[in-house]
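As a plain string of letters, each chain reads:
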Amino acid sequence: MNSNDTEQYYFRFSLGQRYLHGLVITTFLGLAATGMTLRFSERGWAKSLAEIAGGFTAILSLHKFCAVLISAGFLYHIGDILYRAMIKKERGLFLGPYSMTPQPKDAVDLFEMLRWFLWMGPQPKFDHFAYWEKFDYWAVFWGMAIIGATGYMMWFGPFFARFVPGYLLNIALLIHGEEALLAVWFIFIIHFFNSHLRPEKFPLDPVIFTGRVSAGDYQHERPLDYSRLGESGGLETLRSDPPPLWLKNFSRLIAIVAVGIGFALLALTWIAFWTE
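Bear in mind that the values here come from a model prediction, so they are computed numbers and not experimental data. (Residues numbered from 1 in each chain as written. Predicted model: local features only at pLDDT ≥ 70, side-chain atom pairs only at ≥ 80, totals over all residues. Heavy atoms only, no water.)

**Quick notes on the nonpolar core**
Quick reminder of the rule: As used in this record, nonpolar core signifies buried Ala, Val, Leu, Ile, Met, Phe, Trp, Tyr and Cys residues forming a set joined through side-chain atoms within 4.5 Å. Each residue is placed in one exposure class: buried if its accessible area under a 1.4 Å probe, protein chains only, is under 20% of its type's maximum, exposed if it is over 50%, and partly exposed if it falls in between. Only DSSP runs of H or I reaching four residues or more are called helices, and only runs of E reaching two or more are called strands; each is numbered from the N terminus. Here, residues are in contact when the closest pair of their heavy atoms is within 4.5 Å.
Membership of the largest hydrophobic core comes to 35 residues, with the highest contact counts inside it found for Met36, Val184, Phe188 and Tyr218. For this core, the secondary-structure elements that each account for two or more residues are α1 (15-39), α2 (44-53), α7 (166-197), α8 (207-210), α9 (215-221), α10 (223-232) and α12 (245-274). Among all residues touching Phe188, those that are not within four sequence positions of it are Phe28, Leu29, Ala32, Gly262, Phe263, Leu265 and Leu266.

**Observations concerning the sheet that holds strand β3 (residues 239-240)**
Which entries qualify depends on this criterion: Strand pairing is assigned whenever DSSP detects at least two bridges linking the two strands.
As summarised here, the arrangement of the 3 strands in space is β2-β1-β3, forming an open sheet in which the pairing is antiparallel. Looking at which strands have only one partner, the edges of the open sheet turn out to be β2 (212-214) and β3. Pairing between strand β1 (residues 9-11) and β3: 2 bridges, direction antiparallel. From the neighbouring strand, Tyr9 faces β3, where its bridge partner is Ser240.

**Quick word on the side chain of Arg18**
What counts, and what does not: Asp and Glu count as negative and Lys and Arg as positive, but His and the ends of the chain are not part of the count. Salt bridges are defined by distance alone: a side-chain nitrogen of Lys or Arg within 4 Å of a carboxyl oxygen of Asp or Glu.
For Arg18, the location among the structural elements is in helix α1. No salt bridge is formed by the buried Arg18; the nearest opposite charge belongs to Asp205, separated by 12 Å. Excluding its chain neighbours within four sequence positions, the residues that come into contact with Arg18 are Phe13, Ile208, Phe209, Thr210, Gly211, Arg212 and Leu247.

Okay, here's the thing in C-alpha cells:
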C-alpha cells in the first residue's frame, strides 16, 4: 500500500535499532565486497578492485576492519538483550508477539502463505514480526557464529594452533568462504526481495531508515498487532509525525546504493562461481 503525509504515522523502530541496522548494512557490504574480492582473487574484476584499494593486503585490512565493527555491533546487541532480560526483566522478550523467537504461529503463517501463493486460501494475518523477518534475524546469528568464528580462527591462526590441530584451520578457511558466499547470496536475493522488491513495497520499504510506518500500511501489513495496540491504547504511545522529506530522500539513496552494490556483487560472484 502507498501512503502519503496526510496519514497518521507510528514508530516501528527506535533510533538505536536504526543505527544498529545501518552499521550492519555498511559493514556487511564492506565484508561482502572485500571478502568476495579475496575469494575470487584470480578474476579480473577482483584484481581491479584490489588495485583501486591499494592491493590485496589493503583489501584484507578493510575486511578485518569491517569484521571488528560488525562484531562490536553484534556484542552490543547481545548485551542489550541480556540487560533487558536480566536487569529490566522485560516480559515477552523471548516469547509472545513481540519476540523474535520462532513460535508455532510462524509455522502456521508460512503454511497459509504457501496456500495463498497457490490461490488456495486467504493471506495470513501477521503480528508484530512476520516469519520471514525472524528468519532473516536468526540468519545473522548463524552467520556470526559460523562465519565470524572461522574468520577469527584464521586471523589469529598461531594462537588457535596451540589448541586445535592444524587441519582444522584449513577446514575453517573452507567453511568461512562457502558460508560467506551463501550469506551474500541470501542477503542480496531473499532479504532484498522480502524487504524492498516484493510487489507491495517495490522499489523500497523505507521503514527501517525512517523508523516510521503509516497507519494504512500498519493496519494492512500487521493487522493483529495494529488491532491489539488499538484496543489497549498502545498506538497513542507510538504516534509520530510523518518522516521529514530529507529523511525519506536519504532512505531512497541508501536503499538504491545498497541494492545496487548488492546486485553487482551478486552478478560478479555468480559469474565467478559458475565459471570456475
